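# Structural features, examined
The lines below spell out each chain.
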Amino acid sequence: MSIVVQKYGGSSVADVEKIHRVAAKVVATRERGHDVVVVVSAMGKTTDELLGLAHAVDPSPPRRELDMLLSTGERISMALLSMAIQKRGVDAISFTGSQSGIITNDRHFDARIIDVRPHRVEDELARGRVVIVAGYQGMSYKREITTLGRGGSDTTALAMAAALGAEHAEIYSDVDGVYSADPRVAPDATHLPELSYDEMQEMAESGAKVLHAKAVEFARQHRIAIRARSTFLESGKETVVHEGVEPGEQVRAVVGQKGLARVSFDDGGEKVGFALGHLRKAGVVSRDLRTADGRTELLVVTAQTPDWEKNAKALRADFGATIEEGFGAVSAIGGAGDPALALVETLAGEGLAPTELIVTPVRVTVVLPEADTDAAVRAAHARLVG
Ligand code: ADP
Ligand code: ASP
Ligand code: MG
């Protein structure tokens, strides 16, 4: 019997009524004759609320305890979904990440999956049960509970799919796939029926939260297709992320990201090396490290760094860093015709002056004041994709 791995995000299990609707979808899949593994996220905004609680106690909470706290969100939804499925007369069992055999490194809050040993999952499937796996969490080789970074339930789904030999993973959320920009920001964004792993990973790393970057990386490594679909919208659309999609002439998508802090060092010497070592060890999430004229700069993604306050202090005091907060970034992904000039011109025409331009072979990124991010996404999308 073929194995289907389905992942339902937070908005899909936000309340009891939705949990029952998801249970009905799972049961229907089971009745089509598949073995079904379901990965769930925490209900609605639970993870944000738990993070808020932690920050109310300590603005830079210890990451180990944060993981103990945050991992409870998915425990709630996995148990409730299992109950809802069993109520429909179908046998089901829920497992935490550690029970599912998800082994990670010891980087709390942003752990990486290093192995999956899904023996209990396989045993329960063999008994004819639907298995519900708590997303976003695992256990380190030191036997500590870890979480996989915000949005990490997608990665749980791809890791389970790879370990169980599934051909694809179905990722259900409140959108019927990946669009050429976040449809909440750019309402005229167009649906993308397929994307290459490269393009999707670049989008995710640039801040598109529709799929988790590490999930795409997993999918690419194990050659598993990702099918992004809507849980409740019956549009019939989906986005398939897989191999062999030719890069297009035109820009594929425009992605915005907020909450960036610019960290710079005046000299490119030894001190910078130590500072970068500190950032890596502390688990500070950053992007676009670059050096020019002896100056080193990078962008810290503060929303993914729960103890940013403490780290910012250390960077200033111990490593002489200059830190400016309140930036956003807008990235144009793909496009053979070097979209840098068109992007800068468009933004200038709208009075949205970028403070910086970063060009890579697959993306052009502008850094600008955070408050201008959404307007810049709309303008860039209209000019480069629309
Ligand atoms: P879930 O909680 O189900 O994991 P997420 O909120 O993580 O769902 O991801 C879905 C959201 O991603 C959408 O509601 C949408 O606003 C946002 N999003 C950002 N960029 C894109 C994009 N390019 N295409 C589609 N959705 C996007
Ligand atoms: N619940 C976690 C989060 O909000 C993981 C996820 O939803 O994928 O980040
Ligand atoms: Mg998500």
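Residues numbered from 1 in each chain as written. Chains lettered and ligands numbered in written order. Predicted model: local features only at pLDDT ≥ 70, side-chain atom pairs only at ≥ 80, totals over all residues. Heavy atoms only, no water.

### Observations concerning the sheet that holds strand 18 (residues 363-369)
Pairing within the open sheet is antiparallel, and its six strands lie in the order 14-15-13-16-18-17. Looking along the sheet, the strands with just one partner apiece sit at the ends: strand 14 (286-292) and strand 17 (356-360). Shown here is a sheet whose adjacent strand axes are inclined to one another by a mean of 30°, direction ignored. Both strand 17 and strand 18 contribute to a ladder of five bridges, which runs antiparallel. Within strand 18, the position partnered with Ile-358 by the bridge is Thr-365. In this fold helix 6 (residues 197-205) packs onto strand 13 (253-265), strand 14, strand 16 (322-333) and strand 18, with an angle of close to 155° to the strand it touches most, strand 16. (Pairing = 2+ DSSP bridges. Helix = DSSP H or I, 4+ residues; strand = E, 2+ residues; numbered from the N terminus. Axes fitted to C-alpha atoms, helices over the stretch in contact; angles between N-to-C directions. Contact = heavy atoms within 4.5 Å.)

### Re the side chain of His-191
Considering the arrangement of structural elements, one finds His-191 in the loop between strand 9 (168-173) and strand 10 (194-196). Exposure remark for His-191: the relative accessible area of 18% places this residue in the buried category. Among the polar contacts listed, one links the side chain of His-191 to the backbone oxygen of Glu-238, at a separation of 3.4 Å. With residues near it in sequence (within four places) discarded, His-191 still touches Asp-176, Gly-177, Val-178, Tyr-179, Lys-237, Glu-238 and Thr-239. (Buried < 20%, exposed > 50% of the residue type's maximum accessible area, 1.4 Å probe, protein only. Polar contact = N/O pair within 3.5 Å; in protein donor to acceptor, adjacent residues only side chain to side chain.)

### A few points about the sheet that holds strand 2 (residues 35-40)
One key point about sheets: their strands pair by backbone hydrogen bonds, in either a parallel or an antiparallel sense. Across the sheet, which stays open at both edges, the eight strands sit in the order 3-6-2-1-9-11-12-10 with mixed pairing between neighbours. Each edge of the sheet is formed by a strand with only one pairing partner; in this case those strands are strand 3 (92-95) and strand 10. Sheet twist, expressed as the average angle between the axes of neighbouring strands with direction ignored, equals 20°. Docked against the sheet, helix 3 (residues 63-87) engages strand 2, strand 3 and strand 6 (130-134), running at close to 175° with respect to strand 3. Its contacts with the sheet place helix 6 against strand 10, strand 11 (225-230) and strand 12 (239-242), and it is angled at close to 85° to strand 10.

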